[in-house]
Each structure stands twice: as C-alpha cells, then as structure tokens.
Amino acid sequence: MNVAELIEKLSEFDPAMRVVVNGYETGFNVVNSLRVMTVQPWQPTICNDEREDYEGELRQCKEGEQGEQVVWFPRNSSNWTR
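Parameters and conventions
- Residues numbered from 1 in each chain as written.
- Predicted model: local features only at pLDDT ≥ 70, side-chain atom pairs only at ≥ 80, totals over all residues.
- Heavy atoms only, no water.
- Helix = DSSP H or I, 4+ residues; strand = E, 2+ residues; numbered from the N terminus.
- Buried < 20%, exposed > 50% of the residue type's maximum accessible area, 1.4 Å probe, protein only.
- Areas by Shrake-Rupley, 256 points an atom, 1.4 Å probe, with all protein chains shown as cover.
- Polar contact = N/O pair within 3.5 Å; in protein donor to acceptor, adjacent residues only side chain to side chain.
- Contact = heavy atoms within 4.5 Å.
- Pairing = 2+ DSSP bridges.
- Axes fitted to C-alpha atoms, helices over the stretch in contact; angles between N-to-C directions.

### Some details on the overall build of the protein chain
In terms of regular secondary structure, the protein chain is built from one helix and five strands. Along the protein chain, helices (α) and strands (β) appear in the sequence α-β-β-β-β-β when read from the amino end. In the protein chain, which comprises 82 residues, the share counted as buried stands at 13%. Element-wise, carbon and sulfur atoms account for 51% of the exposed surface of the protein chain, whose accessible area totals about 7400 Å².

Okay, structure coming up:
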C-alpha cells in the first residue's frame, strides 16, 4: 500500500475514529505518531541464510545503505527513541 492508497482508504471512515496497530501479543496500541525510515528486503547473509517469518518482509537499513523510504507507524510510538 502506498500513501495515496492509505489516504483513499482512510477517507472512508469517521475522522474521529482512532487508528491502532498490533500490540506485542494479542493487544493493540493506538497510533500517536509516524516516522519515515529507509528499508530494504531481507537478503541472505553469511550468518543468516533465511529470515525468520516473525521478522517481516523488510528490514531497516543501516546508515549508508541504499533502500526505499517508507512511512512507519511505530507499535509503541510513545517509547520510540531512535
């Protein structure tokens, strides 16, 4: 999904409706901020030839690495320090 698709979908809802993301286990967290970060697909390395399913499709780029800029809704954005 890209930003235009997200805006289109969100425009269908009551603007006062809260937005949540998955919590750690079975709960949910309210989104109270968003961030932009650079990501790239997981790729096999010498130490890790496969990503674990729980890792997700993408990983955050290290400083200096090329990647794609994305909008990120941190799971617990009030405690995000990076």
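### Quick word on the side chain of Gln 40
Checked against the element boundaries, Gln 40 lands in strand S3 (residues 35-41). For Gln 40, a relative accessible area of 13% puts it in the buried group. For Gln 40, the side chain forms a polar contact with the side chain of Arg 59, separated by 2.7 Å. Polar side-chain contacts of Gln 40 include one of 2.8 Å to the backbone oxygen of Gln 66. With residues up to four places along the chain from it excluded, the contact list for Gln 40 reads Leu 58, Arg 59, Cys 61, Glu 65 and Gln 66.

### Focus on the side chain of Arg 59
Mapped onto the fold, Arg 59 is located in strand S4 (residues 58-60). Judged by its relative accessible area of 17%, Arg 59 is buried. Within polar-contact distance, the side chain of Arg 59 engages the side chain of Glu 65 at 2.9 Å. Sequence-distant contacts of Arg 59, that is, excluding residues within four places in its chain, are made with Thr 38, Val 39, Gln 40, Trp 42 and Glu 65.

### Regarding the sheet that holds S3
Across the sheet, three strands lie side by side as S4-S3-S5; this open sheet has antiparallel pairing. At either end of the open sheet lies a strand with only one pairing partner, and these are S4 and strand S5 (68-72). Each neighbouring strand pair of the sheet contributes to a mean axis angle of 55°, computed without reference to strand direction. In this sheet, S4 lies alongside S3 in antiparallel orientation, the contact comprising three bridges. Among the inter-strand pairings, Pro 41 is bridged to a residue of S4, identified as Leu 58.

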